[in-house]
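Results of the structural survey
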Amino acid sequence: IATWEFTYRRERDGLRANAAVQSVADAGALQSALEKFETLPFVMSLQPAVADALLHPESRDGVQALDRYLFEIQQRARIAAAYVVQADGLTIAASNANSPQTFVGNNYRFRPYMQSALRGGTGRFYGIGTTTSAPGYFLAQPVRAGSAAPAVIGAVVIKIDLQDFEKSWPVEADP
């Protein structure tokens, strides 16, 4: 029994050490994957069409043009979604505007990433989407307008799908 117990503990400790090394590697890979998207919402927030749509949400042509822009960004950047939200939390334009699960018309003010962006900071959050029920990493940047002291008039949000990344993580049985 002593030999079995010694062997069991040695193997268990080896598995734990390997898991710790793998966790550090996975964390680095995840951080690298997310960093490549970090500036995208900021750059999008500077586009005049974004502020114009937030200032004039009644302009159907302006909002539809923004929907097309967001769709193109979503396709080219290979992100799950991109959308623009007013300061009250209402989504006015989205890359999935023509989808049955569109974000347009939904209010996301309660989400932590939105609260951060609407306070003027960068919003970051990993969670399950309330509209799609799909997990993702959300990045949000405030959109400002005004000359002397620009006010936050809304936010640009992107959602990054991490499911492919998560599938690459090894699954090991407990020792």
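Throughout what follows, the structure given in this document is the object of discussion. (Residues numbered from 1 in each chain as written. Predicted model: local features only at pLDDT ≥ 70, side-chain atom pairs only at ≥ 80, totals over all residues. Heavy atoms only, no water.)

This next bit is on the pairing of strand β5 (residues 151-160). With eight of 10 residues buried, β5 is to be regarded as a mostly interior element. Bridge analysis of strand β1 (residues 81-86) against β5 gives six bridges, and the strand direction is antiparallel. When the sheet's bridge partners are listed, Ala 81 is paired in β5 with Lys 159. In this structure, strand β4 (residues 135-145) lies alongside β5, joined through nine bridges in antiparallel fashion. When the bridges of β5 are listed, Phe 138 appears paired with Lys 159. Between β4 and β5, which pair antiparallel one after the other, the connecting turn spans five residues, and Gly 146 there sits at a positive phi close to 115°. (Buried < 20%, exposed > 50% of the residue type's maximum accessible area, 1.4 Å probe, protein only. Helix = DSSP H or I, 4+ residues; strand = E, 2+ residues; numbered from the N terminus. Pairing = 2+ DSSP bridges.)

Moving on: the sheet that holds strand β2 (residues 91-94). Across the sheet, five strands lie side by side as β2-β1-β5-β4-β3; this open sheet has antiparallel pairing. In this open sheet, the two edge strands, each paired with only one partner strand, are β2 and β3 (123-128). Neighbour-to-neighbour, the strand axes of this sheet turn through a mean angle of 25°, independent of strand direction. Judged from the six bridges that link them, β3 and β4 form a sheet pairing that is antiparallel. Its bridge partner lying in β4, Arg 124 is registered against Leu 139. Contacts from helix α3 (residues 48-55) reach β1, β2, β4 and β5 within the one sheet, and its direction differs from that of β5 by about 120°. Of the strands in this sheet, β1 and β2 touch helix α4 (residues 60-77), which is tilted by about 50° from β2. (Axes fitted to C-alpha atoms, helices over the stretch in contact; angles between N-to-C directions. Contact = heavy atoms within 4.5 Å.)

One full turn of an α-helix is made of 3.6 residues, so residues set three or four places apart face in the same direction. For α4, which comprises 18 residues, the first-to-last C-alpha distance of 25 Å matches the rise-based estimate of 26 Å (1.5 Å per residue) to within 8%. Within α4, the full set of buried residues consists of Val 63, Leu 66, Asp 67, Leu 70, Ile 73 and Gln 74. Seen along its axis, α4 keeps its buried residues to an arc of 130°; they face one direction. Facing away from the buried side of α4, by more than 90 degrees, are the exposed residues Asp 61, Arg 68 and Arg 76. Arg 78 occupies a position one or two residues after α4 and carries a positive phi of about 60°. (Expected span 1.5 Å × (residues − 1). Arc of directions from axis to C-beta.)

Counted according to the given criterion, the structure contains two salt bridges. The shortest N-O distance in the salt bridge between Glu 38 and Arg 124 comes to 2.3 Å. Highlighted residues: Glu 38 in the loop between α1 (2-35) and α2 (40-45) and Arg 124 in strand β3, separated in sequence by 86 residues. Linking Glu 72 and Arg 76 is a salt bridge whose minimum nitrogen-to-oxygen distance equals 3.0 Å. Pair noted here: Glu 72 and Arg 76 are both in helix α4, with a separation of four residues, about one helical turn. (Salt bridge = Lys/Arg side-chain N within 4 Å of Asp/Glu carboxyl O.)

With that out of the way, let us pick up α3. When α3 is considered as a whole, its buried residues turn out to be Val 50, Ala 51, Ala 53 and Leu 54. Down the axis of α3, the sector holding all buried residues measures 160°, keeping them to one side. In the core, the buried residues of α3 are packed alongside α2, α4, β1, β2, β4 and β5.

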